[in-house]
Amino acid sequence: MTEDVSNALKVLELLSSDPEGCGVTQVSTELAVNKAIAHRLLGAMVSAGYVAQDRRTSNYVATHKLGALGLRQLTSSGIDTWAQRTLDTLAAECEELVRLAVATADSLQWIAKAQGSNSSLRLDPVMGQNAVPHATASGKAWLSTLDDAYVTSIVHRQIPGQHASRTPLDPDKLRAELDETRRRGYATTFEEMDLGINAVAVPIFGAGTTAAATGTLSIAGPSVRMTRSRLLELTGSLIAAANDIAATWPAFAYLSASENLSA
């Protein structure tokens, strides 16, 4: 029973990161089990409604029920609202978009935001999306707190074309950027994901500064306003806000309760 539950969760993790889904053979290979066991696990999850089989490809894909479950858990835990006052205060000060992201396993997901008021040019991204690790300020801030081997494994697992960035991945350049981020304490992006959008982000050390970041805090806005000098001006307030959020993070320590769930 324990092994079945563990394998079922691994299947959900596998399917949740691949919009095209996986076949029985791929699932059995990833789990190191025979195809009969893989087929039985997939059938059970189809019956539960968390997985569906694509009639065109015969691949198995995660359904929106899985995503809804995760979002309900975040909402019920209060993790998307406990830091809202800090987000609102920072957004009012910088007059740009402020976002909080939480790191779990091998992904970083934006879960809360606050939009400052600065003319009619605003950003309104969908919450619940994963940050592209190598092409967003939030992603780089998070990666900078991980060891090199883990960074490589996370980047290699990214699905080509999914939430594609405007800048192709250059491993050597990324390593250099992460070294610089560790040195100065913040990460930046200049129109790497979206044309005309710049951002700055810092890690949130909710489990202490000797552990990997439990999340990130970022500020993003139009490049005409978010110039290099403006990003630098905002780093002090951004770091202070991240420290404020980190101070209350223990209430959500389950997010980093084990090595497999921490980021």
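In this text the structure is predicted, and so the values were computed from the model without any measurement.

**Section: the overall build of the protein**
For the protein, the helix and strand inventory stands at 9 helices and 7 strands. Taken across its 263 residues, the protein has 40% of its residues classed as buried. Sequence separation of 24 or more characterises 59% of the internal contacts of the protein that already satisfy a separation of 6 or more. Working note: accessible area of the protein is about 13600 Å², and carbon and sulfur atoms make up 54% of it.

**What to know about the packing of aromatic side chains**
Enumeration according to the criterion identifies 0 aromatic pairs in this entry. Over the aromatic face of Trp 110 sits the side chain of Arg 99, whose NZ or CZ is 3.6 Å from the ring centroid. One Lys or Arg, Arg 228, reaches over the ring of Phe 190 and ends 3.9 Å from the middle of that ring.

**A short note on the packing of helix α1 (residues 2-16) against helix α2 (residues 24-31)**
Orientation of α1 relative to α2, taken along the N-to-C sense of each, is 120°, at an axis distance of 11 Å. Between α1 and α2, the crossing angle belongs to the class labelled oblique. Here α1 runs over α2; the crossing is right-handed. On α2, the residues that touch Asn 7, Lys 10, Val 11 and Leu 14 of α1 are Val 27, Glu 30 and Leu 31. When its residues are assigned to classes, the contact of α1 with α2 shows 4 nonpolar, 1 polar and 2 charged.

**Focus: the side chain of Thr 181**
Of note, Thr 181 is situated in helix α8 (residues 171-184). Residue classification places Thr 181 among the buried residues on the basis of a relative accessible area of 4%. Once residues lying within four places of it in the same chain are set aside, the contact partners of Thr 181 are Lys 140, Ala 141, Ser 144, Tyr 186 and Ala 187.

**Re a nonpolar patch on the surface**
On the surface, Met 1, Val 5 and Leu 9 cluster together to form a nonpolar patch covering roughly 350 Å² of accessible area. Here Leu 9 is to be found in helix α1. Exposure remark for Leu 9: the relative accessible area of 48% places this residue in the partly exposed category.

**What to know about the confidence of the model for the protein**
Confidence along the protein averages 84 in pLDDT terms, with 84% of residues attaining 70 or more. Low pLDDT, under 50, characterises residues 252-263; the predicted model gives this stretch 29 contacts beyond four residues in sequence or across chains.

**Observations regarding α1**
The α-helix advances 3.6 residues per turn, and as a result positions three or four apart in sequence lie on the same side. Taking 1.5 Å per residue, 15 residues should reach 21 Å; α1 reaches 21 Å between its end C-alpha atoms and fits that length. Among the residues making up α1, those that are buried are Asn 7, Ala 8, Val 11, Leu 12, Leu 14 and Leu 15. Down the axis, α1 shows its buried residues gathered within 160° of arc, on one side only. Along α1, exposed side chains directed more than 90 degrees from the buried face belong to Thr 2 and Glu 13.

**Observations regarding the sheet that holds strand β7 (residues 215-222)**
Here we have 5 strands laid out as an open sheet, ordered β4-β3-β7-β6-β5, and antiparallel in their pairing. The sheet is open, and its two borders are formed by β4 (107-115) and β5 (187-190), each paired with just one other strand. Pairs of neighbouring strands in the sheet enclose a mean axial angle of 20°, with direction left out of account. Across 6 bridges, strand β3 (residues 97-104) lies against β7 in antiparallel orientation. Counted as the bridge partner of Val 102 is Gly 215 from β7. In the packing of helix α5 (residues 84-94) onto the sheet, contacts are made with β3, β4 and β7, and the angle to β4 comes to roughly 60°.

The rules we used
- Residues numbered from 1 in each chain as written.
- Predicted model: local features only at pLDDT ≥ 70, side-chain atom pairs only at ≥ 80, totals over all residues.
- Heavy atoms only, no water.
- Helix = DSSP H or I, 4+ residues; strand = E, 2+ residues; numbered from the N terminus.
- Buried < 20%, exposed > 50% of the residue type's maximum accessible area, 1.4 Å probe, protein only.
- Contact = heavy atoms within 4.5 Å.
- Areas by Shrake-Rupley, 256 points an atom, 1.4 Å probe, with all protein chains shown as cover.
- Phe/Tyr/Trp six-rings, centres within 6.5 Å; stacked < 30°, edge-to-face > 60°.
- Lys NZ or Arg CZ within 6 Å of the ring centre and 35° of its normal.
- Axes fitted to C-alpha atoms, helices over the stretch in contact; angles between N-to-C directions.
- Parallel < 35°, antiparallel > 145°, perpendicular 65-115°, else oblique.
- Left-handed = near helix turned anticlockwise from the far one by under 90°.
- Nonpolar A, V, L, I, M, F, W, Y, C, P; charged D, E, K, R; others polar.
- Patch = residues over 30% accessible without salt bridge, like charges linked within 9 Å, V, L, I, M, F, W, Y side chains within 5 Å.
- Salt bridge = Lys/Arg side-chain N within 4 Å of Asp/Glu carboxyl O.
- pLDDT = per-residue confidence, 0-100.
- Expected span 1.5 Å × (residues − 1).
- Arc of directions from axis to C-beta.
- Pairing = 2+ DSSP bridges.

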